[in-house]
There are 4 protein chains.
Amino acid sequence: MTELDSLRDELRRFSAERDWDQFHSPKNLAAALAVEAAELLEPFQWLSSEQSRQLSPQTAAAVRKEMADVLLYLVRLADQLGVDLLEAARSKIVENAIKYPVEKAKGSMRKYTDL
Amino acid sequence: MTELDSLRDELRRFSAERDWDQFHSPKNLAAALAVEAAELLEPFQWLSSEQSRQLSPQTAAAVRKEMADVLLYLVRLADQLGVDLLEAARSKIVENAIKYPVEKAKGSMRKYTDL
Amino acid sequence: MTELDSLRDELRRFSAERDWDQFHSPKNLAAALAVEAAELLEPFQWLSSEQSRQLSPQTAAAVRKEMADVLLYLVRLADQLGVDLLEAARSKIVENAIKYPVEKAKGSMRKYTDL
Amino acid sequence: MTELDSLRDELRRFSAERDWDQFHSPKNLAAALAVEAAELLEPFQWLSSEQSRQLSPQTAAAVRKEMADVLLYLVRLADQLGVDLLEAARSKIVENAIKYPVEKAKGSMRKYTDL
């Protein structure tokens, strides 16, 4: 059993004990995940890229918690949808490697800047 | 080495080969993560909670890719910030268990509805 | 002068007085806007669509404030980018009318569900 | 009748003609708004703050459309919730002026960086 599987099982138990499965539809979990991702962005919003590399201990601790929330909702959503997260991530890396060949993508993120 | 560590290492290599570290500041990665989380929400936005439990194969495949993107940016951000994601997630579960005691939280997500 | 122009002018003054123009790059304002939009989503995340039509006075007041924040950042961003919001919105309605012809779009939001 | 009122009326007609009111619950509209706000953030995600002040014509045009989408969903949501957007925005400016007194807030956005 991988660590993500073990997180998944803990979250199942957590939700079952509280009778929360009724709230945890994929739609609601996807909304909750987007909310947490935005909370993770919030402390960075007025910082320069350079400043974001040197967070205060207080901000770093807050950011760590928001990252945890994102992971927890992602694992829970994957469970509800029957998605193997690690497998999905590995396939996406392969896909990205084809989409951004080293020679072409070097030092540029063009795709993203032309929307 | 856990699977998340191995994903982290693959992403390091991927970024180094393309000279993308310059773009991968925590601020930028947090923004990219929020964008991917919203792309994951998009296919659910007009569905009812019930419909979101029964996605078409096509939508399910698209959702799986967006989930992969969220995980990849999260792992990459954790690497840049020196955060141990699994440890952070486990601490957060403990914290949540205190915040939502079983007897009080049963069948209700009150905290969220009073904003 | 329209009301949005007058909001824009108030925000200019507000920011100038506080020397905040340095923080208000389009990138930062777009991030702040996304954060506020997610805060607006938060009180809805566990509600059913039906429940979301009947908010408690407390939640309704909180939602109203988040809507104000979204509008304020949007007006500020439009100012920084020289965008006429009303004109942009009117063009978009025309575009949408072509994209979703009445006979085809009736009772369905298909485009959105196939991602 | 203000311009926002007139946008609101056009959107009412647009939705009624397509029988879309059934999809436009506050919950769904808030999700759609968050998705559009993230799409607006996307073209900025890898840019520096400086670069975000000088968009290519192509990116500027795409950004303008995303801003329109945000405004349209915001106006539609306000209509469903009976919120007067301009009034809400004006109250929020007054509130912000109290929260960020000129002398204290000058040149700093501290509140945001301590999360």
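Treat the numbers as computed from the prediction; the structure is a model and nothing was measured. Per chain, the residues get numbers from 1 upward, laid out in the order the sequence is written. For this description, chains carry letters from A and ligands carry numbers from 1, given in the order in which they are written. Local features in a predicted model are, by the rule used here, given only for residues with pLDDT of at least 70; side-chain atom pairs are given and counted only at 80 or more, and totals for whole chains, interfaces and linings are based on all residues. With hydrogens and water set aside, each side-chain value is computed from the structure's full complement of heavy atoms.

Novice: What exactly am I supposed to notice about the overall build of chain A here?
Specialist: Only runs of H or I of at least four residues qualify as helices and only runs of E of at least two qualify as strands under DSSP, and these elements are numbered from the N terminus. On a plain count of helices and strands, chain A comes out with seven helices and zero strands. Taken from the N to the C terminus, the helices and strands of chain A come in the order α-α-α-α-α-α-α. Whereas a compact globule of 115 residues would reach a radius of gyration of roughly 13 Å, chain A reaches 18 Å, over 25% beyond that. Only protein chains enter the area calculation, which uses a 1.4 Å probe; residues under 20% of their type maximum are buried, those over 50% are exposed, and those in between are partly exposed. Taken over 115 residues, chain A has a buried fraction of 55%. Positive and negative side-chain charges of chain A, numbering 16 and 19 respectively, have mean locations separated by a distance of 6 Å. When we talk radius of gyration, it's over C-alpha atoms, and the globule rule is simply 2.2 Å times the number of residues to the 0.38. Think of it this way: Lys and Arg go in the positive column, Asp and Glu in the negative one, and His and the chain ends go nowhere. Taken as the charge centre is NZ of Lys, CZ of Arg, CG of Asp or CD of Glu, depending on the residue.

Novice: Where do I start with the confidence of the model for chain A in this structure?
Specialist: One rule of thumb: low pLDDT means the predicted coordinates there are not for detailed reading. pLDDT is a per-residue confidence score from the predictor, ranging from 0 to 100. When pLDDT is averaged along chain A, the result is 93, and 95% of the positions lie at 70 or above. With pTM at 0.95, the complex prediction returns an ipTM value of 0.94.

Novice: Which parts of the structure should I look at to understand the environment of Gln58(A)?
Specialist: Position of Gln58(A) among the secondary structure elements: in helix H4 (residues 57-81). For Gln58(A) and Trp20(A), which are 38 residues apart along the polypeptide, the C-alpha to C-alpha distance reads 31 Å.

Novice: Sorry, what's going on with the packing of helix H1 (residues 3-18) of chain A against helix H5 (residues 85-99) of chain B here?
Specialist: Helix-helix packing: each pair is described by the crossing angle between the helix axes and the interaxial distance. Think of each axis as a best-fit line through the C-alpha atoms, taken over the contacting stretch in the case of a helix, with angles from 0 to 180 degrees between the N-to-C directions. At a minimum axis separation of 11 Å, H1(A) and H5(B) run at an interaxial angle of 10 degrees. Taken together, the axis directions place H1(A) and H5(B) in an arrangement best described as roughly parallel. On H5(B), the residues that touch Glu3(A), Leu4(A), Leu7(A), Glu10(A), Leu11(A), Phe14(A) and Arg18(A) of H1(A) are Leu86(B), Ala89(B), Arg90(B), Ile93(B), Asn96(B) and Ala97(B). Asp, Glu, Lys and Arg are counted as charged, while Ala, Val, Leu, Ile, Met, Phe, Trp, Tyr, Cys and Pro are counted as nonpolar; the rest, among them Gly, fall into the polar class. For the contact of H1(A) with H5(B), the class distribution of residues is eight nonpolar, one polar and four charged. Just so you know how the angles are binned, under 35 degrees is roughly parallel, over 145 roughly antiparallel, 65 to 115 roughly perpendicular, and the rest oblique. In what follows, residue pairs with any heavy atoms lying within 4.5 Å of each other are defined as contacts.

Novice: Mind showing me how you'd approach the interface of chain C and chain D here?
Specialist: For an interface, size is often stated in terms of accessible area lost upon the parts coming together. Of the residues lining the interface, 72 residues belong to chain C; the matching set on chain D comes to 72 residues. Summing both sides of the interface, chain C and chain D together bury roughly 6200 Å²; the carbon and sulfur share of this comes to 68%. Each salt bridge in this description consists of a side-chain nitrogen of Lys or Arg and a carboxyl oxygen of Asp or Glu lying within 4 Å of one another. Inspection of the region where chain C meets chain D yields six salt bridges. Between Lys65(D) and Glu95(C) there is a salt bridge, and its shortest N-O distance comes to 3.1 Å. Contacts described as polar in this section are N or O atom pairs within 3.5 Å, which, within protein, must combine one atom able to donate a hydrogen with one able to accept it, while residues neighboring in sequence count only if both atoms come from side chains. Linking chain C to chain D there are 24 residue pairs in polar contact (both at pLDDT 80 or more). Accessible area that two parts lose when put together, evaluated with a 1.4 Å probe and summed over both, is termed the buried area.

Novice: Please clarify how the pattern of salt bridges should be interpreted in this entry.
Specialist: For side chains of opposite charge, pairing can occur when their charged atoms come near one another. For the structure shown, the criterion picks out 36 salt bridges over all chains. Here Arg76(A) makes a salt bridge to Asp21(A), at a shortest N to O gap of 3.0 Å. You can see Arg76(A) sitting in helix H4 and its partner Asp21(A) sitting in the loop between H1 and helix H2 (26-41), a full 55 residues away along the chain. Residue classification places Arg76(A) among the buried residues on the basis of a relative accessible area of 5%. For Asp21(A), a relative accessible area of 37% puts it in the partly exposed group. With a closest N to O distance of 3.3 Å, Glu17(D) and Arg18(D) form a salt bridge. Owing to a relative accessible area of 3%, Arg18(D) belongs among the buried residues under this scheme. By sharing partners, the salt bridges in this structure join Arg12(A), Asp21(A), Arg76(A) and Asp79(A) into a single network.

Novice: Teacher, can you tell me more about helix H4 (residues 85-99) of chain D here?
Specialist: Since one α-helical turn is 3.6 residues long, residues separated by three or four positions face the same way. Expected helix span is taken as 1.5 Å per residue step, with the number of steps being one fewer than the number of residues. Along its 15 residues, H4(D) runs 21 Å from first to last C-alpha, staying within 8% of the 21 Å computed at 1.5 Å per residue. Within H4(D) the residues assigned to the buried category are Leu85(D), Leu86(D), Ala88(D), Ala89(D), Lys92(D), Ile93(D) and Asn96(D). The arc that holds every buried residue of H4(D), seen down its axis, measures 155 degrees, which confines them to one face. Exposed side chains of H4(D) directed beyond 90 degrees from the buried face belong to Val94(D) and Ile98(D). Those residues of H4(D) that are buried are in contact with helix H1 (3-18) and helix H3 (57-81) of chain C together with helix H1 (3-18) and helix H3 (57-81) of chain D. Arc definition: it is the arc formed by the directions from the helix axis to the C-beta atoms.

Novice: I keep staring at the relation of the copies chain C and chain D and nothing clicks. Help me out?
Specialist: Relating one copy of the chain to the other takes a rotation about an axis and a shift parallel to that axis. Our superposition of the copies is a least-squares fit, built on the C-alpha atoms of residues whose pLDDT is at least 70 in both. Under the fitted operation, chain C is carried onto chain D by 0.0 Å of movement along the axis and a turn of 180 degrees, and the coordinates agree to an RMSD of 0.0 Å. On the angle and the small slide along the axis, the relation comes out as a two-fold axis.

Novice: Looking at this structure, I do not really get the environment of Gln51(A). What am I missing?
Specialist: Residue and element names in this part refer to chain A. Structurally, Gln51 can be placed in helix H3 (residues 49-52). Look at Gln51 and you get partly exposed, because its relative accessible area is 45%. Here the side chain of Gln51 touches Ser48 through a polar contact of 2.8 Å, landing on its backbone nitrogen.

Novice: I keep staring at unusual backbone geometry and nothing clicks. Help me out?
Specialist: For Asp19(A), which is not glycine, the phi torsion reads 60 degrees and is therefore positive. Take Asp19(A): it is sitting in the loop between H1 and H2.

Novice: Any chance you could explain the packing of aromatic side chains here in plain terms?
Specialist: By convention here, two paired aromatic rings are described through the distance between centres and the angle between planes. Each Phe, Tyr or Trp ring (for Trp, its six-membered ring) is paired with any other whose centre lies within 6.5 Å, and the angle between the two planes then decides the class: stacked below 30 degrees, edge-to-face above 60, tilted in between. Per the counting criterion, the structure on display carries twelve aromatic pairs over all chains. Site record: aromatic cluster; members linked through ring pairs are Phe14(A), Trp20(A) and Tyr100(B). Criterion for a charge above a ring: Lys NZ or Arg CZ within 6 Å of the ring centre, and within 35 degrees of the ring normal. The residue whose ring lies beneath Arg18(B) is Phe14(B), and the NZ or CZ to ring-centre distance is 3.7 Å.

Novice: Sorry if this is basic, but what is going on with the side chain of Asn28(C) here?
Specialist: Residues and elements named next belong to chain C. Relative to the elements of secondary structure, Asn28 occurs in helix H2 (residues 26-41). Residue Asn28 is classed as buried on the basis of its relative accessible area, which comes to 4%. Engagement of the side chain of Asn28 in a polar contact is seen with the backbone oxygen of Phe23, the distance being 2.9 Å.

Novice: Would you mind going over the packing of helix H4 (residues 85-99) of chain C against H3(D) with me for this structure?
Specialist: Running from N to C, H4(C) and H3(D) point in directions that differ by 85 degrees, and their axes come no closer than 8 Å. Relative to H3(D), the element H4(C) lies roughly perpendicular. Here Leu85(C), Glu87(C), Ala88(C), Ala89(C), Ser91(C), Lys92(C), Ile93(C), Glu95(C) and Asn96(C) of H4(C) lie close against H3(D), whose contacting residues are Arg64(D), Lys65(D), Met67(D), Ala68(D), Asp69(D), Leu71(D) and Leu72(D). Here the residues of the contact of H4(C) with H3(D) sort into eight nonpolar, two polar and six charged.

Novice: So what exactly am I meant to see when it comes to H5(B) here?
Specialist: Tucked into the core, H5(B) has its buried residues touching H1 and H4 of chain A together with helix H1 (3-18) and helix H4 (57-81) of chain B. In this structure Asp84(B) caps H5(B), since a side-chain oxygen of it lies 3.2 Å from the backbone nitrogen of Leu86(B).

Novice: I keep staring at the environment of His24(A) and nothing clicks. Help me out?
Specialist: Looking at the element boundaries, His24(A) is found in the loop between H1 and H2. Beyond its immediate chain neighbours, meaning those up to four positions away, His24(A) contacts Ser15(A), Leu29(A), Arg76(A), Gln80(A), Arg53(B), Met109(B) and Trp46(C).

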